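A structural walkthrough
Spelled out from the first residue to the last, the chains are:
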Amino acid sequence: MTKRPALICFAVLVAVGFTQGTPAQSLKSGAVGRPPVAAPPSRGGGGYHGGGFGGWAGVVTGIISTLPPPGAYRDDGPVDGGYGPPPRRRQTPRQARRNSNAPPAGERRLVPDEVVIELRDAATPAQIDALQRRFRLARIASSPLALTGTTFFRWRIPDRRSVATVVRQLESDGLVASAQPNYRFTLQETAAVTAEGDPAQYELAKLHLPEAHRLAKGDAVRVAVIDSAVDATHPDLAGAVAETFDATGAPPEPHAHGTAIAALIAGHGKLVGAAPEASILAIRAFDPKGGSAQGTTFAIIKGLDWAVTHEARIINMSFAGPADPAIHRALQAAYRRGIVLIAAAGNAGAKSPPLYPAADPDVIAVTGTDAQDKLLTVANRGRHIAVAAPGADLLVAIPGGGYEVSSGTSYSAAEVSGIVALVLQQKGDLKPQQVRDLLTGTAKDLGPKGRDAEFGAGLADAYAALIRAPIPMAGTPLPVERVSTGRR
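First, a word on what this report is: a plain description of the structure on this page.

What follows deals with unusual backbone geometry. Here Tyr356 and Pro357 are connected by a cis peptide whose omega angle stands at 15°. Inspection of the secondary structure assignment puts Pro357 in the loop between strand S13 (340–344) and strand S14 (364–369). A positive phi angle, close to 65°, is found at Ala220, a residue other than glycine. Mapped onto the elements, Ala220 comes out in the loop between helix H6 (209–212) and strand S8 (222–228).

Right, dumping it as structure tokens:
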């Protein structure tokens, strides 16, 4: 009899331990074999580049960065659902605070007097007007998204209330599906230095593109480039730009970064792109400001939606930034429609947390290497890295028919987008996860043996991916370097 109270106490303690444990960390359903969502970014990426020539004032390269929304992530995966779905549920005040999309204290890289609000399409004009009056906001723009079945609004805060205050207020309203800052994204730039000579495109041999082009050139595969404006008149892009879309509303102005990315994918003049017969959907979501370029959540969301409705098979995102809830939901919807999503890992260096959208579980994150297969010193690291591609000292196209030597993981992502276009020309019904498996399963292992946080599965191999694709292919087999067998 003396032992029974002790046993009862022990049972109670065990029960309490099980019921009060930490929430399970897991991947989204269907994300088989993918690593967990990594921690959000805390600082900028940004390309860097060397000299240039060809008659243009300079080139802005790199990736985009801002700080993340507060408390949504930690290193081992999403907390409390991570980004959070748009449908709103009744929450306790404590839950609402924990899941808020309000910006962290001190965050300044956002439009200081704007909020982005998501409403279901079922909301009536009268309800929207009442909401606007209730929260004392002024409407700037709206965009219905086919991807999410909702409408996004940019509303201005006409008084001195902070963005964080207004976001929290809006989140308490049952009509609002989501509210968040209109984050600012900027391309990181350095001064251009004139280069002498014509650097060889060493990336062609590294990626086995000449061999791959005997089998496929990406004929008519649509690759959306969400970036700054592309110079469609550049000789290397003649006829490659199928359609254009401006998500910024600003006067059109071709920009170095977007032009370089498009030519690395579909160039077919002095430069040879990874998929020289692919079709580019040029989506301008970044507006030049004093030589640099800035983009916002609202513009990127519009660009993603347009890309999907215009039948993009691949979306290249050579930018990086915060773990943005609205962008995540749009990417998730695009992934479910079979679109391959590719992003630059980032140029924030070894100590930076993972940047987004590359760290999103539905996105193939690409890092950069140099001519000796060494990792770019500026490249981000992380478990989310899928593959690597050359990104150092590349000859890239710039507006006005010119060229420059430039570096960054932005370019590595573009090369992998082109490789995927080759694969989809041959096997158009591959799902995004199958494409990821093909890239990682045929990559040349670099760094530590097996998959690692620097190179992912290793250096992408266009020819190996084509001959491994699950269809018969013509042509004489060519030697392929040692490849890793890790799958993601």
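This part is about the pairing of strand S5 (residues 138–145). In this sheet, strand S6 (residues 150–156) lies alongside S5 in antiparallel orientation, the contact comprising seven bridges. Opposite Arg139, over in S6, you have Trp155 as the bridge partner.

For the rest of this paragraph, the subject is the packing of aromatic side chains. Under the counting rule described, the total for this entry stands at three aromatic pairs. With a centroid separation of 5.2 Å and an interplanar angle of 5°, the aromatic rings of Phe245 and Trp306 are classed as stacked. With Phe245 in strand S9 (residues 241–246) and Trp306 in helix H8 (residues 297–309), this pair connects stretches of sequence that are 61 residues apart. In this structure Phe245 comes out as partly exposed when scored by relative accessible area, which is 22%. A residue is classified by how much of its surface remains accessible, and Trp306, at 11% relative accessible area, is buried. Seen in terms of ring centroids, Phe286 and Phe319 are 5.5 Å apart; in terms of plane orientation they differ by 55°. Their pairing is tilted. Placement of Phe286 in strand S10 (residues 279–289) and of Phe319 in the loop between strand S12 (314–317) and helix H9 (325–336) is noted, with a sequence separation of 33 residues between them. There is no split in this pair, since Phe286 and Phe319 are both buried. Directly above the aromatic system of Tyr403 lies the positively charged group of Lys270, at a separation of 4.6 Å from the ring centroid.

Time to look at helix H3 (residues 125–134). Given 3.6 residues per helical turn, the α-helix brings residues three or four places apart onto the same face. Within H3 the residues assigned to the buried category are Ile128, Leu131 and Gln132. Along H3, the residues classed as buried sweep out an arc of 100° about the axis, all on the same side. Of the residues in H3, the exposed ones pointing more than 90 degrees away from the buried face are Ala126 and Arg133. Note on H3: the residue one or two positions beyond its end, Arg136, has a positive phi of about 55°.

Moving on to the pairing of S10. The buried fraction of S10 amounts to 10 of the 11 residues, a majority that puts the element mostly inside the structure. Pairing geometry for S8 and S10, over seven bridges, is parallel. Each residue of the ladder has a partner; that of Ile226, found in S10, is Ile283.

What follows deals with the environment of Asp129. In this fold, Asp129 is placed in helix H3. Remark: the alpha-carbon pair of Asp129 and Arg139, spanning 10 residues in sequence, is separated by 9.5 Å.

Below, the discussion takes up the environment of Lys427. Relative to the assigned elements, Lys427 resides in the loop between helix H10 (409–426) and helix H11 (432–441). Counting along the chain gives 39 residues from Lys427 to Leu466, while the straight-line C-alpha distance between them is 9.1 Å.

Formed by 71 residues in total, the largest nonpolar core has its most connected members in Ile280, Ile314, Ile342, Val416 and Val420. Among the elements that line this core, the one with the most residues is H10, at 10 residues. Not counting residues up to four positions away in its chain, the partners in contact with Ile342 are Ile314, Ile315, Asn316, Met317, Val363, Ile364, Val366, Ala413, Val416, Ser417 and Val420. Formed by 62 residues, the second largest nonpolar core is a distinct cluster that contains Ile128, Leu147, Val166 and Ala330.

Each value, and the rule that gives it
- Residues numbered from 1 in each chain as written.
- Predicted model: local features only at pLDDT ≥ 70, side-chain atom pairs only at ≥ 80, totals over all residues.
- Heavy atoms only, no water.
- Helix = DSSP H or I, 4+ residues; strand = E, 2+ residues; numbered from the N terminus.
- Pairing = 2+ DSSP bridges.
- Phe/Tyr/Trp six-rings, centres within 6.5 Å; stacked < 30°, edge-to-face > 60°.
- Buried < 20%, exposed > 50% of the residue type's maximum accessible area, 1.4 Å probe, protein only.
- Lys NZ or Arg CZ within 6 Å of the ring centre and 35° of its normal.
- Arc of directions from axis to C-beta.
- Core = buried A, V, L, I, M, F, W, Y, C linked by side-chain atoms within 4.5 Å.
- Contact = heavy atoms within 4.5 Å.

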